[in-house]
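So you can see what is in the structure, the chains are spelled out below.
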Amino acid sequence: MNASIDTFDSRALRYVDCYGQRFMREGTYRYHVLSCREQGLASQPARTIKVVPRSGEGKNGATMTQHSVPLRWTRGRFASSPVELEIEVGDLVLWNCPDPAAPAYEIVGDPAFFASTRLVNECGFTHAFGTPGSYAWADAHGSGLEGTVHVKEVACKTRGDLERWQQQLAQAALVMIADGKVRPHEVEIVTGQTVYFAIVTCGGISITDKRLLDERGGDGRAAVR
Amino acid sequence: MAQILAALDEGGANTVLTEAIASVPALSKSGSGSLGPFTASYTVHGHFTGGSIDLVAPATVRIEHLRCVWQMALSFGIDLDDFLPHFCLPQVCVHIPCVGRVCTPKICLSWPTIGVTVPFGDDVEASADFGLDVALIGGQWKVQIVVQNLSQLQFGPGTAGILALIGAAITPPLLVIPFIGPFLAGAVDLILAAIGIAGLTGFLGPILSPFLSGLKIPVYAQDKHFKLLPADGPFDPDVFVELDAVDARIEHSDEDELVLTVGISP
């Protein structure tokens, strides 16, 4: 793991980030896992998600199953298993590459009706905050959506303190983004906790650390490795 | 053979040798060594001051409290995985209204290796017995005193403070490592404990000892073809004598003296 300042950007996923997408209609969907070094050009065949009708009794979207897709960074490429995933309508697929050595990456649908770079409907982005401070975020695509995450420092002097902290880490803060509103606008967590940004309905946004936007004055993507 | 005798009592020897010690050029050295569990590279510069002279017949110049003032730049890497506990972000689940329960995976981290550079300095003191060394080198007689026995190095009171400096140098690179916050204080303590005073003196001793054990202090230097009188007009040229032999020893009569005997011939 490289020592680095803690920044986050849903367009450049890292080992402490997850991207999740629900699939609400039947069909076969192709997607790519692109490292940011690939500049949007896929160097591997697309993976597929086959969405079949629900077998249960619930209505579409009323219940769902989560499917986790762990990514591995090997030989300069992202590998995932399975390459073809079959899910039911309303299910959620969640991607994460836990390798700190992996470069930043994005999940891009083909065609791009879903993408981690532009969060639309029924999707989510998570980030575990590793360093105390106040993190203002904004939509790099210019919708004006923004918010702040306050990360409090944790001082663990005893084993009991560490155990309490570990218990806190298992609880996430939830930020709901729907109809052009962010609720809550500010959240407070402790170092190491995760924030889940749930995008219910949106025109296509990113959750981007404002410092990245300020660094480059534009969309900030060049600042993310 | 005609001889010239020059004698220096201990008071005079203290004056002459104190100046001679101060005139020894600064020494420098680079390399690497074991600093506790770490391999550290260093560059060190040192110069000498002080010391009180004791002449011991027949051929020993004892210098007590000889000080080497040194400055060092030290660099080493710390693999934090050796000091910090294995750490994983646990699985985190949230309930999203109208959607259901969504969980992130457990994510285990590896701690990085950090590089630390620490500039610091202190002094070290020792007592040494020097022998007298007389040599004719390149047409010049040289008398110098050369270390024969060296006492154990006595590090100055600032040496313990070096650990605090290392601690201060470690902290900034640790602060920027994500998720280290709750482990930070413990990490610094563990790293400093791993080095310890023993590790520090064990590192510095082998580096600084050669500075002292290899010390040569010039006492006297004179051309063998020695100009006794300068020219005084076209019919009165320079007058030279040959310094045929030089001997140096410590003689004890009423008091100890450093005696130089020079045999000369026209």
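A brief structural summary.

1. Quick notes on the overall build of chain B
Assigned secondary structure in chain B consists of 3 helices and 16 strands. Over its C-alpha atoms chain B spans a radius of gyration of 30 Å, topping by over 25% the 18 Å that the globule rule assigns to 266 residues. Taken over the C-alpha atoms alone, chain B extends approximately 120 × 45 × 20 Å along its principal axes. Put simply, chain B has 266 residues, and 25% of those count as buried. Within chain B, contacts between residues at least 6 apart in sequence are counted, and of these 66% link residues at least 24 apart.

2. Quick look at the overall build of chain A
For chain A, the helix and strand inventory stands at 2 helices and 16 strands. For chain A, with 225 residues in total, the buried portion stands at 43%. When contacts within chain A are restricted to residue pairs at least 6 apart in sequence, those whose partners lie at least 24 apart make up 70%.

3. Some details on the sheet that holds strand β11 (residues 146–152) of chain A
Residues and elements named next belong to chain A. Read from one edge of the open sheet, 4 strands run β14-β11-β10-β16, paired in mixed fashion. In the strand order of this sheet, the two ends are held by β14 (186–190) and β16 (208–209), each with one partner. Pairing analysis gives 5 bridges linking β11 to β14, with the strands arranged parallel. Looking at β14, one finds that valine 151 is bridged to isoleucine 189.

4. Comments concerning the interface of chain B and chain A
One widely used convention gives an interface's size as the accessible area the parts lose upon coming together. The interface of chain B with chain A comprises 25 residues on the first partner and 41 residues on the second. Of all the secondary structure elements, the ones that give two or more residues to the side of chain B that touches chain A are β7 (93–96), β8 (100–103) and β9 (107–109) of chain B. Across the side of chain B that touches chain A, the residue classes break down as 21 nonpolar, 4 polar and no charged.

5. Some words on the nonpolar core
In this structure, Trp95, Val195, Phe197 and Ile199 of chain A are the most contacted members of the largest nonpolar core, which totals 110 residues. Other than its neighbours up to four places away in sequence, tryptophan 95 of chain A contacts Cys18, Tyr19, Val69, Leu71 and Ile107 of chain A.

6. A few points about the sheet that holds strand β16 (residues 256–265) of chain B
Residues and elements named next belong to chain B. Across the sheet, which stays open at both edges, the 4 strands sit in the order β1-β16-β15-β14 with antiparallel pairing between neighbours. Since the sheet does not close on itself, it has two edges, and those belong to β1 (2–9) and β14 (225–229), each with one partner. If you compare each strand with its neighbour and ignore which way they point, the axes differ by 40 degrees on average. Direction of pairing for β1 relative to β16: antiparallel, over a ladder of 8 bridges. For leucine 8, the partnering residue across the bridge sits in β16 and is leucine 258. Across the face of the sheet, helix α1 (residues 10–23) comes into contact with β1 and β16 while running at roughly 90 degrees to β1.

7. Observations concerning the environment of aspartate 54 of chain B
Residues and elements named next belong to chain B. Here aspartate 54 lies in strand β4 (residues 52–56). For aspartate 54, a count of 17 C-beta atoms within 10 Å puts it in the partly exposed group. Each C-alpha atom, one on aspartate 54 and one on alanine 13, is 8.6 Å from the other, the two residues being 41 residues apart in sequence. With sequence-adjacent residues up to four places away left out, aspartate 54 is seen in contact with Glu10, Arg62 and Glu64.

8. Thoughts on unusual backbone geometry
That bond from serine 81 of chain A to proline 82 of chain A is cis: its omega, 5 degrees, falls within 30 degrees of zero. Relative to the helices and strands, proline 82 of chain A is located in the loop between β5 (77–80) and β6 (84–88). A cis geometry characterises the amide bond from alanine 57 of chain B onward to proline 58 of chain B, with omega recorded as 5 degrees. Counting through the fold element by element, proline 58 of chain B comes out in the loop between β4 and β5 (60–79). With phi around 50 degrees, arginine 75 of chain A is a residue other than glycine that occupies positive phi space. Position of arginine 75 of chain A relative to the elements: it lies in the loop between β4 (66–74) and β5.

9. Section: the pairing of strand β10 (residues 113–137) of chain B
Residue and element names in this part refer to chain B. Relative to β10, β5 is paired through 18 bridges, and the arrangement is antiparallel. In the sheet register, alanine 73 faces β10, and the bridge partner there is proline 119. The pairing of β10 with strand β12 (residues 154–155) spans 2 bridges and is classified as antiparallel. Within β12, the position partnered with glutamate 125 by the bridge is glutamine 154. Here β10 hands over to strand β11 (residues 140–150) after 2 residues, with glycine 138 in that stretch at a positive phi of 60 degrees.

10. Observations concerning the packing of helix α2 (residues 158–175) of chain B against helix α3 (residues 184–213) of chain B
All names here are of chain B. Their axes nearest at 9 Å, the elements α2 and α3 cross at an angle of 145 degrees. Every pair of crossing elements has a handedness; the one defined by α2 and α3 is right-handed. Contact residues: Thr159, Ala160, Ile162, Leu163, Ile166, Gly167, Ile170, Thr171 and Leu174 in α2; Leu184, Ala187, Val188, Ile191, Leu192, Ile195, Ile197, Leu200 and Thr201 in α3. The class makeup of the residues in the contact of α2 with α3 is 14 nonpolar, 4 polar and no charged.

11. Some remarks on the environment of glutamate 146 of chain A
Residues and elements named next belong to chain A. When you line up the elements, glutamate 146 lands in strand β11. Under the C-beta neighbour-count criterion, glutamate 146 is labelled partly exposed, with 15 such atoms within 10 Å. Sequence-distant contacts of glutamate 146, defined by excluding residues within four places in its chain, comprise Ala136, Trp137, Ala138 and Asp139.

How each quantity is defined
Residues numbered from 1 in each chain as written. Chains lettered and ligands numbered in written order. Predicted model: local features only at pLDDT ≥ 70, side-chain atom pairs only at ≥ 80, totals over all residues. Helix = DSSP H or I, 4+ residues; strand = E, 2+ residues; numbered from the N terminus. Rg over C-alpha atoms; globule rule 2.2 N^0.38 Å. Buried ≥ 20, exposed ≤ 12 C-beta atoms within 10 Å, placed from the backbone. Contact = placed C-beta atoms within 7 Å. Pairing = 2+ DSSP bridges. Nonpolar A, V, L, I, M, F, W, Y, C, P; charged D, E, K, R; others polar. Core = buried A, V, L, I, M, F, W, Y, C linked by C-beta atoms within 7 Å. Axes fitted to C-alpha atoms, helices over the stretch in contact; angles between N-to-C directions. Left-handed = near helix turned anticlockwise from the far one by under 90°.

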